Amino acid sequence: MDRGFPPLSRTVEVQIDVVDRANNPPVWDQTVYGPIFVKENRNVGDRVVSVKASSGIENNPTVFYRLIRGSTAQTNKYDTFYLQQRNDNGHTWADIKVNHPLDYESIKEYNLTIRVENNGVQQLGSEATIYIVLEDVNDEIPLFTEREQETVLEGEPIGTPVTRVNAIDKDGTFPNNQVFYGIVRSPRNEGRDYFEINEQTGEIFTKVVFDREKQGAYALEVEARDGAPSARPNSNGQPNSGNHDIFNKKKILIGPYPEVAHYDSKLRNLTKPASLRSERLSEELREQRLLSADISSRLPYFESVNSSASELISNPENTRIARKIDTRLKD
Ligand SMILES: [Ca+2]
Ligand SMILES: [Ca+2]
Ligand SMILES: [Ca+2]
């Protein structure tokens, strides 16, 4: 109430929780768990960690756990992890399990908040943090990035560079993302005996001197494999290989012998001015035609003027008038 006149007053409701001294909040074994290292290829349903808290109430060990859903993927917004409560020998555990497939290439770590509440007259709770760090496994395949067609000229010496292929492996760590190149050693690989590749750089070189009259193009299959045993199913401990990728099939054209190519292009340059000249000629011809069309369209008019002029001169009346004017002028 204030001292004004009339006095004004306001009431506020205050709620007071009376906490029994015996009712303490639950106590975690640890307030922070981790870092807990988890391979990205763990299966859905796999347990990544078990944590527990005591109730804080004597003779009432009951506790309830839940994972707090945060506002980001790292804080479990999309329920990447779930919690399962488990009773074991008088203790209640919280098992944290994988709910959706993990991917190191997308998200590398998670910060989970777990809350526990006891079962006293007033339910009290406390929170702990679980810090999960993913580990990369070799689950990405190297994939080629560039175009499918290249050209090499005939007559070039053995060892001439043709092109350089490039493949990218999206794995997060070495050697899972290391790339080695090779020529596919299969009878259906037409170019396998004619080209070789640098395993490290992907540069392709010729192994023979080509003659385009013999064969004008070769289909060449190259492969890219990564630097560690695959973590993908049914890989038998082999590295991942991108040879099922469409870009591993390259068409290598055999271009004309350099001398021939040289004269080819010279010849093309020679014909260019000639074509320009013919264009100019046809332009002049067109103008000429327009002009003559113009003239012939005016021709009847010229003719009529001409005839009326001669008529004027041949009229005797007019001759007389002209003579008169002429005499006056002499006067
Ligand atoms: Ca992955
Ligand atoms: Ca890989
Ligand atoms: Ca990976």
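Presented here is a report on the structure given in the accompanying data block. (Residues numbered from 1 in each chain as written. Chains lettered and ligands numbered in written order. Predicted model: local features only at pLDDT ≥ 70, side-chain atom pairs only at ≥ 80, totals over all residues.)

### What to know about the nonpolar core
Side chains of a nonpolar character, in soluble globular proteins, are inclined to be buried together.
Stage number 1. Grouped together as the largest cluster of nonpolar side chains are 19 residues, with contacts concentrated most on I96, L112, I114, I130 and I132.
Stage number 2. Secondary-structure elements contributing two or more residues to this core are β3 (47–54), β4 (63–68), β6 (91–98), β7 (109–118) and β8 (125–135).
Stage number 3. Not counting chain neighbours up to four residues away, the residues in contact with I132 comprise G34, I36, V38, V48, E109, Y110 and L112.
Stage number 4. Within the second largest apolar cluster, 17 residues are counted, among which are F144, V179, F195 and L220. (Core = buried A, V, L, I, M, F, W, Y, C linked by C-beta atoms within 7 Å. Buried ≥ 20, exposed ≤ 12 C-beta atoms within 10 Å, placed from the backbone. Helix = DSSP H or I, 4+ residues; strand = E, 2+ residues; numbered from the N terminus. Contact = placed C-beta atoms within 7 Å.)

### Brief notes about the environment of I132
Stage number 1. As for its placement among the helices and strands, I132 is situated in strand β8.
Stage number 2. Given 24 C-beta atoms within a 10 Å radius, I132 is considered buried.
Stage number 3. As for I132 and N111, which are separated by 21 residues in sequence, their C-alpha atoms are 6.4 Å apart.

### Regarding the sheet that holds strand β15 (residues 203–206)
Stage number 1. With respect to topology, 3 strands assemble into an open sheet ordered β11-β15-β14, the strand pairing being antiparallel. Each edge of the sheet is formed by a strand with only one pairing partner; in this case those strands are β11 (161–164) and β14 (195–197). When the angles between neighbouring strand axes are averaged without regard to direction, this sheet yields 25 degrees.
Stage number 2. As defined by bridge partners, β11 adjoins β15 across 3 bridges and the pair is classed as antiparallel. Bridge pairing in β15 links T163 to I204. (Pairing = 2+ DSSP bridges. Axes fitted to C-alpha atoms, helices over the stretch in contact; angles between N-to-C directions.)

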